[in-house]
2 protein chains.
Amino acid sequence: MSKPLSPAAGAGQGASSVDEVLRLVRARGGRATPSRRVLLEVLFEADGHMTAEELAEAVQARAPDVHISTIYRNVEDLERLGVVVHAHMGHGPAAYQLATLAHGHFICEVCGATLEAPDELFADLAGTVKAKMGFTIDPHHFAMLGRCRACEEGG
Amino acid sequence: MSKPLSPAAGAGQGASSVDEVLRLVRARGGRATPSRRVLLEVLFEADGHMTAEELAEAVQARAPDVHISTIYRNVEDLERLGVVVHAHMGHGPAAYQLATLAHGHFICEVCGATLEAPDELFADLAGTVKAKMGFTIDPHHFAMLGRCRACEEGG
DNA sequence: AGCGCAGTTGCGACCTGATCGCAATAAGGT
DNA sequence: ACCTTATTGCGATCAGGTCGCAACTGCGCT
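Since the model is a prediction, treat every value here as computed from it, not as a measurement.

**Q** Honestly, the overall build of chain A in this entry has me stumped. Any pointers?
**A** Along its length, chain A carries six helices and seven strands. Listing every helix and strand of chain A by position from the N terminus yields α-α-β-α-α-β-β-β-β-α-β-β-α. Projected onto the principal axes, the alpha-carbon positions of chain A cover approximately 50 × 40 × 25 Å. Among the 155 residues that make up chain A, the fraction classed as buried is 46%. Within chain A, contacts between residues at least 6 apart in sequence are counted, and of these 49% link residues at least 24 apart.

**Q** Just checking my understanding: could you explain the pattern of salt bridges for this structure?
**A** Any two side chains of opposite charge can pair, on the condition that their charged atoms come close. Residues and elements named next belong to chain A. For the structure on display, the rule yields 16 salt bridges over all chains. Put simply, Glu76 and Arg80 hold a salt bridge, and the shortest N to O gap is 3.7 Å. Residue Glu76 and its partner Arg80 are located together in helix α4 (residues 68–80), separated by four residues, close to a single helical turn. On the basis of relative accessible area, Glu76 is assigned to the partly exposed category, the value being 44%.

**Q** Sorry, what's going on with the relation of the copies chain A and chain B here?
**A** Between the two chain copies there is a screw-like relation: a rotation about an axis and a shift along it. Expressed as a screw operation, the relation of chain A to chain B combines 0.0 Å of axial shift with a rotation of 180°, fitting to an RMSD of 0.1 Å. One copy is carried onto the other by what is essentially a two-fold rotation axis. Most of the interface of chain A is mirrored in chain B, where 100% of its interface residues again form contacts.

**Q** Looking at this structure, I do not really get the sheet that holds strand β7 (residues 144–147) of chain A. What am I missing?
**A** Strand pairing in a sheet takes place through backbone hydrogen bonds and is either antiparallel or parallel in direction. In spatial order, the strands read β5(A)-β4(A)-β7(A)-β6(B); together these four strands make up an open sheet with mixed pairing. Sheet topology places β5 (114–117) of chain A together with β6 (136–138) of chain B at the edges, where each strand pairs with a single neighbour. The sheet shows a mean angle of 35° between the axes of neighbouring strands, direction not considered. As judged from the four bridges shared by strand β4 (residues 104–108) of chain A and β5(A), these two strands associate in the antiparallel manner. Paired with A:Phe106 across the two strands is A:Leu115, which belongs to β5(A). Together, β4, β5 and β7 of chain A form the strand contacts of helix α5 (residues 120–133) of chain A, whose direction differs from that of β4(A) by roughly 100°. Its contacts with the sheet place helix α5 (residues 120–133) of chain B against β4, β5 and β7 of chain A together with β6 of chain B, and it is angled at close to 145° to β6(B).

**Q** Looking at this model, I keep getting lost on the interface of chain A and chain B. Mind explaining?
**A** Note: interface size is frequently given as the accessible area lost on complex formation between the parts. Counting residues at the interface gives 35 residues for chain A, matched by 35 residues for chain B. Where chain A abuts chain B, roughly 3,000 Å² becomes buried across the two surfaces, and 70% of that area is made up of carbon and sulfur atoms. At the junction of chain A with chain B, the criterion picks out zero salt bridges. Our enumeration of links across chain A and chain B arrives at eight residue pairs in polar contact (both at pLDDT 80 or more). Those elements that provide at least two residues to the side of chain A that touches chain B are β2 (84–88), β4, β5, α5, β6 (136–138), β7 and α6 (149–154) of chain A. Considering every element that reaches the side of chain A that touches chain B, the biggest residue donor is α5(A), with eight residues.

**Q** Help me understand the state of the cysteines, please; the structure alone is not making it clear to me.
**A** In protein chemistry, a disulfide is the covalent bond that joins the sulfur atoms of two cysteines. Residue and element names in this part refer to chain A. Applying the stated criterion across every chain yields a total of zero disulfides over all chains. The structure places no disulfide on Cys108, whose sulfur is separated from the nearest cysteine sulfur, that of Cys111, by 3.6 Å. According to the relative accessible area criterion, Cys108 is buried, its value standing at 2%.

**Q** Teacher, can you tell me more about helix α3 (residues 52–60) of chain B here?
**A** Residue and element names in this part refer to chain B. Listed in full, the buried residues belonging to α3 are Ala52, Leu55, Ala56 and Val59. Axial view of α3: buried residues confined to an arc of 100°, hence all on one face. Projecting away from the buried face of α3 at angles above 90 degrees are the exposed residues Glu53 and Glu57. Buried residues along α3 sit in contact with α2 (34–45), β1 (50–51), α4 (68–80) and β3 (94–98).

**Q** How do you make sense of the packing of aromatic side chains when you look at a structure like this?
**A** Aromatic ring pairs: the centre-centre distance and the angle between the two ring planes describe each pair. Throughout the structure, instances matching the rule amount to five aromatic pairs over all chains. Pairwise contacts between aromatic rings join A:Phe106, A:Phe122 and B:Phe135 into one cluster.

**Q** Would you take a moment to explain the sheet that holds β1(B) for this structure?
**A** All names here are of chain B. Judged by pairing direction, the sheet is antiparallel, and its three strands sit side by side in the order β1-β3-β2 without closing on themselves. The sheet terminates laterally at β1 and β2 (84–88), the two strands that pair on one side only. One ladder, built from two bridges, connects β1 with β3; its direction is antiparallel. When the sheet's bridge partners are listed, Met50 is paired in β3 with Tyr96. Across the face of the sheet, α4 comes into contact with β2 and β3 while running at roughly 110° to β2.

What counts and what doesn't
- Residues numbered from 1 in each chain as written.
- Chains lettered and ligands numbered in written order.
- Predicted model: local features only at pLDDT ≥ 70, side-chain atom pairs only at ≥ 80, totals over all residues.
- Heavy atoms only, no water.
- Helix = DSSP H or I, 4+ residues; strand = E, 2+ residues; numbered from the N terminus.
- Buried < 20%, exposed > 50% of the residue type's maximum accessible area, 1.4 Å probe, protein only.
- Contact = heavy atoms within 4.5 Å.
- Salt bridge = Lys/Arg side-chain N within 4 Å of Asp/Glu carboxyl O.
- Least-squares fit on C-alpha atoms with pLDDT ≥ 70 in both.
- Pairing = 2+ DSSP bridges.
- Axes fitted to C-alpha atoms, helices over the stretch in contact; angles between N-to-C directions.
- Buried area = accessible area lost by both parts, 1.4 Å probe.
- Polar contact = N/O pair within 3.5 Å; in protein donor to acceptor, adjacent residues only side chain to side chain.
- Disulfide = S-S within 2.5 Å.
- Arc of directions from axis to C-beta.
- Phe/Tyr/Trp six-rings, centres within 6.5 Å; stacked < 30°, edge-to-face > 60°.

See the structure below:
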């Protein structure tokens with residue numbers, strides 16, 4: 001499935017169930033394999049973002065033989081479909097989640113705490129940067145680092 | 001030098017010459033080795049950020065036997081001294097530069113172009129986030145991803 | 001109901017960026 | 001000059017992720 005998908009045609013962002021996504025996958029020439037289904041179940045049940053390793057662990061609880069490289073390949077495919085997005089949370093592994101739930105992050109570089117960032121916060125910045133530099137910001141992809149209140153005051 | 005330095009005492013941000021930094025290094029119990037000196041020369045001469053590999057190449061042009069692990073250890077030490085900072089430019093290696101020249105970055109996730117971000121752009125966001133969430137943003141450490149004008153319009 | 005093409009998988013090898021242990025070396029205070 | 005201790009080069013190792021390949025399997029077609 002990797003190659004034949006029409007490139008980033010921004011399709012299924014609204015996909016709201018495992019079966020719906022699987023339908024989308026098939027419409028694009030992909031196949032509804034067990035690994036894919038279980039991965040999607042895990043993603044739909046997750047209440048936050050998960051690293052590839054966490055996804056693998058959760059998937060393997062139901063389908064023990066699914067290899068982590070299959071997880072990587074599948075999230076990549078699902079990302080191309082617009083169903084999943086990944087974000088980089090400071091150092092360390094990337095975090096995946098359903099595109100519908102995407103949001104930005106603030107990460108304390110002292111204690112590692114991660115705060116979720118409402119999109120409104122970035123609206124002004126995005127507007128200004130677009131106007132002044134012609135650049136369209138994706139505030140979700142990379143977390144912003146800094147210090148949380150406790151570490152700023154305490155340290 | 002790695003251990004004995006007093007932890008992140010935010011000292012030498014103003015250091016403005018190789019010798020000045022070397023003086024600071026010695027004041028902290030470190031030593032002015034040739035590798036260190038050449039690395040600093042390269043950093044002071046650089047007109048932008050450089051990856052560890054680029055630094056190694058430049059240093060090795062003058063001191064061929066300097067190993068890349070020495071580069072890593074030295075930039076780490078210099079970072080502890082507040083002389084150097086590193087930033088993550090999207091995927092790929094980190095970029096180092098003198099702390100006095102630090103700034104944010106916007107990186108086009110399509111063509112890879114990197115734009116430098118004037119600090120004023122982040123002032124409002126920093127203020128709002130500080131007020132609403134108590135979080136102090138460091139806008140330099142991680143680049144923001146998005147699409148540059150050409151790729152946004154063309155794609 | 002079965003066939004067969006092409007998408008997918010498990011596996012291990014491999015890649016990049018970075019860190020570490022160690023024995024040998026050398027800075028620089030005294 | 002000497003001796004303590006920071007620093008170095010080197011290779012091994014680590015983490016996170018990607019890839020080549022042969023075996024396997026969805027599922028569209030008949």
